[in-house]
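# Fold and geometry: a report
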Amino acid sequence: KDIEYIRSYYFNKKEDTRFSSSVGKYVGFTEQGVKYAAAWNKDASKLSAMKAQKEVYCLNHVQIDYNNIL
């Protein structure tokens, strides 16, 4: 439950847009990023695919990573 999937998009070394699994949608940080986020948040299939990434990348690998650290 404490795991969060974050995917950030950068332009000119500045974070433009971010998807966070804890928020459940895209958030824009620049003028253009806000426009991208608004468009991507309207696409239900894109949001569903990004929400599924938490399970694909995080939940399936957390135990392996945790065991390697110990």
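That block above? That's the structure.
Every chain is numbered on its own, with residues counted from 1 as its sequence reads. pLDDT decides what is reported in this predicted model: residues at 70 or higher carry local features, side-chain atom pairs at 80 or more are listed and counted, and totals for whole chains, interfaces and linings draw on all residues regardless. Only hydrogens and water are removed before side-chain values are computed, so all heavy atoms of the structure are retained for them.

It is worth spelling out the environment of Gly24 at this point. Put simply, DSSP marks the helices as runs of H or I at least four residues long and the strands as runs of E at least two long, and each gets a number from the N terminus on. Looking at the secondary structure, you find Gly24 in the loop between strand 2 (14-20) and strand 3 (25-28). Using a 1.4 Å probe on the protein chains alone, a residue whose accessible area is under 20% of its type maximum counts as buried, one over 50% counts as exposed, and one in between counts as partly exposed. Residue Gly24 is classed as buried on the basis of its relative accessible area, which comes to 14%. Sequence-wise, Gly24 and Lys51 are 27 residues apart; in three dimensions their C-alpha atoms are separated by 6.8 Å. When near neighbours in sequence (up to four residues on either side) are disregarded, Gly24 contacts Phe19, Leu47 and Lys51. Whether two residues are in contact is decided by their heavy atoms, any of which lying within 4.5 Å being enough.

Right, let's talk about the side chain of Glu15 for a bit. By secondary structure assignment, the location of Glu15 is in strand 2. According to the relative accessible area criterion, Glu15 is buried, its value standing at 17%. Of note is the side chain of Glu15, whose polar atom sits 2.7 Å from the side chain of Ser8. Engagement of the side chain of Glu15 in a polar contact is seen with the side chain of Arg18, the distance being 2.8 Å. Distance and chemistry together define a polar contact, namely a pair of N or O atoms within 3.5 Å, with one atom able to donate a hydrogen and the other to accept it when in protein, and with adjacent residues in sequence counting only for side-chain atoms on both sides.

In this structure, Tyr5, Phe19, Tyr26, Ala37, Leu47, Met50 and Cys58 together form the largest nonpolar core, which totals seven residues. If you tally residues by element for this core, the top one is helix 2 (residues 44-59), at three residues. Here, the term nonpolar core denotes a set of buried Ala, Val, Leu, Ile, Met, Phe, Trp, Tyr and Cys residues that are joined through side-chain atoms within 4.5 Å.

Attention shifts here to unusual backbone geometry. Phi is positive for Asn12, close to 55°, though the residue is something other than glycine. Examined against the element boundaries, Asn12 turns out to sit in the loop between strand 1 (6-11) and strand 2. Note on Asn12: relative accessible area 63%, which makes it exposed. Backbone geometry at Lys13 places phi at a positive 65°, although glycine is not the residue there.

We now examine the side chain of Ser21. If you trace the backbone, Ser21 turns up in the loop between strand 2 and strand 3. On the accessibility criterion, Ser21 (19% relative accessible area) is buried. Of note is the side chain of Ser21, whose polar atom sits 2.8 Å from the backbone nitrogen of Tyr5. If we ignore the near neighbours within four places in the chain, the residues touching Ser21 are Ile3, Glu4, Tyr5 and Lys54.

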